[in-house]
Amino acid sequence: MILCVAIVGQQNNPLYLQSFAGGDDVLKFHYIVHCSLDVFDEKASILRRTGTNLNDNFLGLLYPAEDYKVYGYMTNTRVKFVLVTSDLELKDLDIKTFFQRFHAAYIDVTSNPFHVPGKRIASPMFRDRVKTIVSSFGQL
Amino acid sequence: MAPAKPGDAAFANVDHVNAELFTLTYGAMVRQLLTDFEDVEEVNKQLDTMGYNIGIRLIDDFLSKANVTRCSEFRETADVIAKIGFKMFLGVTATVSNWNADFTECSLVLDDNPLVDFVELPETCQGLYYCNVLCGVIRGALEMVSMRTEVKWARDMLRGDDAYELRLKLIEHVAEEYPYKDDD
């Protein structure tokens, strides 16, 4: 089950966080997402040093914990997407597809002329769309 | 009654632009207007005026390319706008419906609206008619062919309605005036 998805901006500012776990776990997820940012930097710098061309935005598993796993995806504009899941056995392909759809939704919401880039995303339409993507996760 | 086909031909005849570029350009313009005027009502008015100025220029382009004959009555005019006009400039068609008893007022229901892709109105702009420019265009264009009209949005999906509907109302036919007299 997907517990939470989040978007973090270029300056590591939180843009969006949606929790699916129920209860008031939002703070905990903010914490988890925050922790994952270091891993993002680390992975990105390794890729830069080895000269690997990052054609693929998907960064894979960022770090595992006892009862959840954190996956990451970074766009070429260095906006980071984070997925926290409680499923411990997931196929990379599923997650990749999920991130691609999530990315597409993000592109659409930033194309809204009333959205200010770098500001928090507060669109109800986007929230619903993310919910749909999350609920159809792994069924494709 | 104009069949759908002339609209397709007219659409193929004109230059096309990338839909996203168009949508984003329009969005940026509306946003800038909101910043400049800071008042939603004023922005609605500005959009209408801009549309009017577009319309009075666009009509000549339309008439020269669309290959339409003179409309004998207002009903035909509405059909031409819906089936050929919209198709030629926006790539969509509209449906004409809801005529009043003496055929001076009708609704144009847009099948699709390329101006509003991605758009979501924030709460501070609830009174905004985002596509008000279209009203101005139609009003301006019809005025150049001696019809005074009033065009308003009746339903707007951005404001929570279930369709995009323009209400088109004919006020009067203006007689064509010549600058000289016959016996001069």
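All of these numbers come straight from a predicted model, not from anything done at the bench.

### With respect to the overall build of chain B
Scanning chain B for helices and strands turns up five helices and four strands. Going from N to C terminus, chain B has its helices and strands arranged as α-α-α-α-β-β-α-β-β. In terms of C-alpha radius of gyration, chain B reaches 17 Å, essentially the compact-globule figure of 16 Å for 184 residues. The principal-axis extents of the C-alpha atoms in chain B amount to approximately 60 × 35 × 35 Å. Taking all 184 residues of chain B together, 32% fall into the buried category. Put simply, 61% of the contacts in chain B that link residues at least 6 apart link residues at least 24 apart.

### Considerations on helix H2 (residues 19-37) of chain B
All names here are of chain B. End to end, H2 covers 27 Å across 19 residues, agreeing with the expected 27 Å (1.5 Å per residue, within 8%). Burial in H2 covers these residues: Tyr26, Gly27, Val30 and Leu34. Angularly, the buried residues of H2 cover 100° about the axis, an arc narrow enough to put them on a single face. With respect to the buried face of H2, the exposed residues turned more than 90 degrees away are Leu21, Ala28, Gln32, Thr35 and Asp36. Where H2 is buried, its residues contact helix H3 (40-66). Phi turns positive, to about 60°, at Glu38, one or two residues after H2.

### Topic: the sheet that holds strand E1 (residues 94-97) of chain B
Residues and elements named next belong to chain B. With respect to topology, four strands assemble into an open sheet ordered E1-E2-E4-E3, the strand pairing being antiparallel. Sheet topology places E1 and strand E3 (147-155) at the edges, where each strand pairs with a single neighbour. Within the sheet, the average angular offset between the axes of one strand and its neighbour, ignoring direction, is 25°. As judged from the four bridges shared by E1 and strand E2 (residues 105-110), these two strands associate in the antiparallel manner. Residue pairing in the sheet places Thr95 in a bridge with Val109 of E2. On the sheet, helix H4 (residues 74-90) packs against E1, E2 and strand E4 (164-173) and is oriented at approximately 165° with respect to E1.

### Focus: the sheet that holds strand E3 (residues 58-64) of chain A
Residue and element names in this part refer to chain A. The five strands lie next to each other as E2-E1-E5-E4-E3, forming an open sheet whose pairing is antiparallel. Both outer strands of the open sheet, strand E2 (14-19) and E3, are each paired with one neighbouring strand and no more. Mean inter-strand twist for the sheet, computed between neighbouring axes without regard to direction, equals 15°. In this sheet, strand E5 (residues 80-85) lies alongside strand E4 (residues 69-74) in antiparallel orientation, the contact comprising six bridges. Note that in E5 the partner of Val70 across the bridge is Val84. Where helix H2 (residues 92-110) meets the sheet, its contacts fall on strand E1 (2-8), E3, E4 and E5, and the angle it forms with E5 comes to roughly 135°.

Here is what the cut-offs are and how they apply
- Residues numbered from 1 in each chain as written.
- Chains lettered and ligands numbered in written order.
- Predicted model: local features only at pLDDT ≥ 70, side-chain atom pairs only at ≥ 80, totals over all residues.
- Helix = DSSP H or I, 4+ residues; strand = E, 2+ residues; numbered from the N terminus.
- Rg over C-alpha atoms; globule rule 2.2 N^0.38 Å.
- Buried ≥ 20, exposed ≤ 12 C-beta atoms within 10 Å, placed from the backbone.
- Contact = placed C-beta atoms within 7 Å.
- Expected span 1.5 Å × (residues − 1).
- Arc of directions from axis to C-beta.
- Pairing = 2+ DSSP bridges.
- Axes fitted to C-alpha atoms, helices over the stretch in contact; angles between N-to-C directions.

None of this, on its own, says anything about what the molecule does.
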